[in-house]
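Now for the letters of each chain:
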There are 2 protein chains.
Amino acid sequence: MVTPVTFKKSAEVTEETCREAGMTIAELLGRVGGKWTIFVIIMLSEGPRRFSELKRDIEGISQKVLTSTLRDLEKDGFVTRKVTPSIPPRVDYALTELGQDLRGPLMALSSWAVVNRNRVAAAREAFEARQTEEPAKIAYFR
Amino acid sequence: MVTPVTFKKSAEVTEETCREAGMTIAELLGRVGGKWTIFVIIMLSEGPRRFSELKRDIEGISQKVLTSTLRDLEKDGFVTRKVTPSIPPRVDYALTELGQDLRGPLMALSSWAVVNRNRVAAAREAFEARQTEEPAKIAYFR
DNA sequence: CCGCATCCCGCCGGATACTG
DNA sequence: CAGTATCCGGCGGGATGCGG
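Attention in this report is confined to the structure presented alongside it. Since this is a predicted model, take the numbers as computed values, not measurements.

Points about the protein's contact with DNA strand D
In the neighbourhood of DNA strand D, 18 residues make up the surrounding shell, with Ser52(A), Arg81(A), Tyr93(A), Lys35(B) and Lys64(B) lying closest. Among all atoms of DNA strand D positioned within 4 Å of the protein, those belonging to sugar or phosphate total 59%. In the model, a phosphate oxygen of DNA strand D is placed 2.6 Å from a nitrogen or oxygen of the Ser52(A) main chain. Of the residues that constitute the surface near DNA strand D, the class distribution is eight nonpolar, three polar and seven charged.

Below is the structure:
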């Protein structure tokens with residue numbers, strides 16, 4: 001039997017509610033599952049940042065990808081984009097209230113990843129081992 | 001020995017811990033962000049399922065993709081794969097303890113997605129509106 | 001029934017170059 | 001400084017067919 005996880009009031013996620021919700025869950029996971037999205041959110045959690053700050057501190061990200069990542073987050077209402085048309089120009093990004101709200105469950109999942117990384121690593125090694133070992137002779141019962 | 005997992009204050013996932021953890025967080029989000037992964041996990045949350053059951057009940061998924069999704073989850077230790085070499089063959093999948101542990105934070109995030117879908121939808125419309133409206137005359141200060 | 005092999009296509013995201 | 005504009009390789013993932 002299942003103990004459905006309840007969140008606040010309402011919204012227990014089971015097979016049915018999942019179908020009802022259409023693809024919203026998969027959508028969010030898809031967005032948040034982007035290669036750099038989580039890093040951007042974590043950085044903005046510590047306060048508003050300029051574009052160049054994000055670019056500098058998120059090592060390895062390209063301009064283009066950072067731009068599109070931020071644009072996607074803006075579309076879904078997780079971050080705001082404030083342009084200051086000075087010379088040189090200045091653009092500040094910050095988490096919206098919605099973005100702040102998302103942090104809770106998202107950081108919980110991230111914490112889980114950190115805490116349990118060893119278990120996952122062990123599972124991967126075990127899987128590797130299984131692959132390389134001689135395939136056991138299979139007895140077919142019929 | 002991994003009992004605690006206290007999510008008091010978002011459990012210290014900051015820029016630093018993120019770097020320490022390397023890519024583990026992004027890895028997990030990437031895995032879980034797969035198009036069908038969440039559906040598989042939700043179905044298996046309700047108990048072990050045969051391959052054909054999953055295939056039938058997850059509408060729209062192809063054999064190949066279901067197979068690879070399950071294989072990935074197996075690699076990371078989230079599901080077990082039990083082969084019964086009968087004729088016709090039978091393969092049962094089930095969540096491991098690790099997989100069960102993952103459900104908590106994952107379902108919390110999913111619930112969030114369901115609860116807040118309207119806010120996201122509103123944000124998207126607002127963004128659309130901003131795009132189509134006349135670009136405001138910009139005053140340049142220098 | 002289960003899943004591998006193959007082919008194929010769209011999209012993510014990386015590199016580079018160019019504007020306001 | 002903060003973007004757009006292109007090009008392009010890799011991969012997720014869908015369709016179909018075969019094999020144990």
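Re helix H6 (residues 97-115) of chain B
All names here are of chain B. With 19 residues, H6 should reach 27 Å at 1.5 Å per residue; the first-to-last C-alpha distance of 27 Å fits that figure. At arginine 103, H6 shows its strongest bend, of approximately 35°, with the proline proline 105 following within four residues. With 14 of 19 residues buried, H6 lies mostly within the body of the structure. The residue sitting at the N-terminus of H6 and contributing the capping side-chain oxygen is threonine 96; that oxygen lies 3.3 Å from the backbone nitrogen of leucine 98.

Examining the sheet that holds strand S1 (residues 49-50) of chain A
Hydrogen bonds between backbone groups are what pair the strands of a sheet, and the pairing can be parallel or antiparallel. All names here are of chain A. Pairing in this open sheet of three strands is antiparallel, and the strands run S1-S3-S2 from one edge to the other. Both edges of this open sheet fall to S1 and strand S2 (79-84), since each of them pairs with a single strand only. Note that S2 and strand S3 (residues 90-95) share six bridges and pair antiparallel. If you follow valine 83 over to S3, its bridge partner there is valine 91.

Some points on the sheet that holds strand S2 (residues 79-84) of chain B
Residue and element names in this part refer to chain B. Across the sheet, which stays open at both edges, the three strands sit in the order S1-S3-S2 with antiparallel pairing between neighbours. Bordering the open sheet on either side are strand S1 (49-50) and S2, each of which pairs with just one other strand. Across the sheet, helix H5 (residues 63-75) is in contact with S2 and strand S3 (90-95); its angle to S2 comes to roughly 115°.

A look at the pairing of S3(A)
Residues in a regular strand project their side chains so that they alternate between the two faces of the sheet. Residue and element names in this part refer to chain A. With five of six residues buried, S3 is to be regarded as a mostly interior element. Inspection of the sheet shows S1 paired to S3 by two bridges, in the antiparallel sense. Bridge assignment links arginine 49 to a residue of S3, and that residue is tyrosine 93. What sits between the antiparallel neighbours S2 and S3 is a turn of five residues.

As for the packing of aromatic side chains
What the rule picks out here adds up to four aromatic pairs over all chains. Taken together, a centroid distance of 5.9 Å and an interplanar angle of 50° make the contact between Trp36(A) and Phe39(A) tilted. Look at Trp112(A) and Phe78(B): their rings are 6.1 Å apart centre to centre, the planes differ by 40°, and that puts the pair in the tilted class. With Trp112(A) in helix H6 (residues 97-115) and Phe78(B) in the loop between H5 and S2, the pair connects residues from two separate chains. Summarising the burial analysis for this pair, Trp112(A) and Phe78(B) share the class buried.

Parameters at a glance
Residues numbered from 1 in each chain as written. Chains lettered and ligands numbered in written order. Predicted model: local features only at pLDDT ≥ 70, side-chain atom pairs only at ≥ 80, totals over all residues. Heavy atoms only, no water. Near = heavy atom within 4 Å. Polar contact = N/O pair within 3.5 Å; in protein donor to acceptor, adjacent residues only side chain to side chain. Nonpolar A, V, L, I, M, F, W, Y, C, P; charged D, E, K, R; others polar. Helix = DSSP H or I, 4+ residues; strand = E, 2+ residues; numbered from the N terminus. Expected span 1.5 Å × (residues − 1). Bend = angle between axes of the 7 residues up to and from the residue. Buried < 20%, exposed > 50% of the residue type's maximum accessible area, 1.4 Å probe, protein only. Pairing = 2+ DSSP bridges. Contact = heavy atoms within 4.5 Å. Axes fitted to C-alpha atoms, helices over the stretch in contact; angles between N-to-C directions. Phe/Tyr/Trp six-rings, centres within 6.5 Å; stacked < 30°, edge-to-face > 60°.

In short, geometric facts, not functional conclusions.
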